[in-house]
Amino acid sequence: MKTNRWTARVLACALTFAFAAGALAAPVTLEEACAPVYLEPGKTADYKTATAKFAEKCVTKGTAAVSAYEIAKENAERGLEPQEGYEWRTVVWDLNFFDAKANRYGVTTAYRFENAYDAATYPNTVFDEETRYDETGNYRDGVFSVDWDGKTWTDCRVKVRFSWGETEFIRKHDRKETRCSVVMSYLVPEGFDGIVSVLYDSRLKSNTASVADAGFYDAARFLMYRLDGTEGFTLG
């Protein structure tokens with residue numbers, strides 16, 4: 001097919017536009033979207049959420065802290081199986097509630113996760129209420145994907161061990177304190193340091209919202225911890 005000057009010019013313009021559009025479509029990072037405040041290891045932050053009973057009108061106040069962070073290929077004790085090219089990154093949140101309402105009515109918490117490199121592509125529907133539980137009533141593993149090292153990794157998973165009576169969820173009543181630990185494990189490509197674990201006030205309906213949405217993120221209501229670095233820790 002012959003190409004005249006006019007056709008060549010149109011093709012050149014189209015290629016230029018496509019390149020520009022691709023540049024404009026570059027992912028928005030979490031820092032660009034909301035300037036997040038990350039929790040430091042062992043540092044305690046205030047955490048306010050709804051009680052399990054009377055959730056719409058009853059609020060309990062407590063604290064949250066990250067007590068452990070682990071990076072491993074597998075962990076049989078936690079039910080984390082190895083997968084070629086992937087690694088498990090696990091964070092342990094310790095929650096303490098000090099008022100009588102938590103002791104009397106129970107506690108609800110809400111959780112999600114973000115991609116520090118691409119704030120707009122995690123709709124968190126892996127935690128949709130209708131698909132959150134399996135047929136036995138346990139939390140179902142979430143499946144998601146990330147772009148890393150020049151490819152898309154589609155077998156990423158998240159396990160949340162946050163359920164009354166499970167060994168991963170420890171609840172004690174001591175001097176009207178309600179204490180619990182929530183373990184969140186993420187299967188991601190080896191070296192991927194972009195997962196951000198989030199706890200937030202369960203009264204907020206945020207599963208399908210993006211932190212890239214204007215005015216959505218509030219540091220006072222969202223506690224964030226980034227699973228970066230190459231070594232884990234356990235605090236005494």
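Shown above is the structure to which this text applies.
Treat the numbers as computed from the prediction; the structure is a model and nothing was measured.

Reading the values: rules and limits
For every chain, the first residue of its written sequence is number 1, and the numbers climb from 1 along that sequence. Since the coordinates come from a predicted model, pLDDT governs what is reported: local features require at least 70, and pairs of side-chain atoms require 80 or more to be given and counted, while whole-chain, interface and lining totals use all residues. Side-chain numbers here rest on the full set of heavy atoms in the structure, without hydrogens or water. Runs of H or I in DSSP of at least four residues are treated as helices and runs of E of at least two as strands, each being numbered from the N terminus. Between buried and exposed lies partly exposed: a residue is buried under 20% and exposed over 50% of the maximum accessible area for its type, with that area taken using a 1.4 Å probe on protein chains only. Residues are treated as being in contact if the distance between any of their heavy atoms lies within 4.5 Å. The accessible surface values rely on the Shrake-Rupley method and a 1.4 Å probe; as for residues, cover is taken only from the protein chains in view. By this definition, two strands are paired if DSSP reports at least two bridges between them. Here, a salt bridge means any Lys or Arg side-chain nitrogen found within 4 Å of an Asp or Glu carboxyl oxygen.

Chemist: How should I be thinking about the overall build of the protein chain in this particular structure?
Modeler: Within the protein chain, the secondary structure is distributed over 3 helices and 11 strands. When the helices and strands of the protein chain are listed from N to C terminus, the series reads α-α-β-β-β-α-β-β-β-β-β-β-β-β. Residues classed as buried in the protein chain amount to 42% of the 236 residues present. Relative to all contacts within the protein chain whose residues are 6 or more apart in sequence, the contacts with residues 24 or more apart total 68%. Roughly 13,200 Å² of accessible area belongs to the protein chain as shown, and the carbon and sulfur atoms make up 52% of that amount.

Chemist: Hey, could you run me through the pairing of strand 4 (residues 110–115) in this one?
Modeler: The side chains of a regular strand alternate between the sheet's two faces. Across the 6 residues that make up strand 4, a large majority, 6, are buried. Residues Ala110, Arg112 and Glu114 of strand 4 are buried on one face, and the alternating residues Tyr111, Phe113 and Asn115, pointing to the opposite face, are buried as well. Here strand 4 pairs with strand 9 (residues 195–200) via 6 bridges, running antiparallel. By the bridge assignment for strand 9, Phe113 is matched with Ser197.

Chemist: Please explain the pattern of salt bridges as it appears in this structure.
Modeler: Opposite charge on two side chains allows them to pair when their charged atoms are near. Under the defined criterion, the tally for this structure stands at 10 salt bridges. Put simply, Asp193 and Arg226 hold a salt bridge, and the shortest N to O gap is 3.8 Å. With Asp193 in the loop between strand 8 (177–189) and strand 9 and Arg226 in strand 10 (residues 222–226), this pair connects stretches of sequence that are 33 residues apart. Across the pair, Arg226 and Asp193 agree in class, each one buried. Here the salt bridges share partners, and the residues they tie into one network are Glu31, Asp193 and Arg226.

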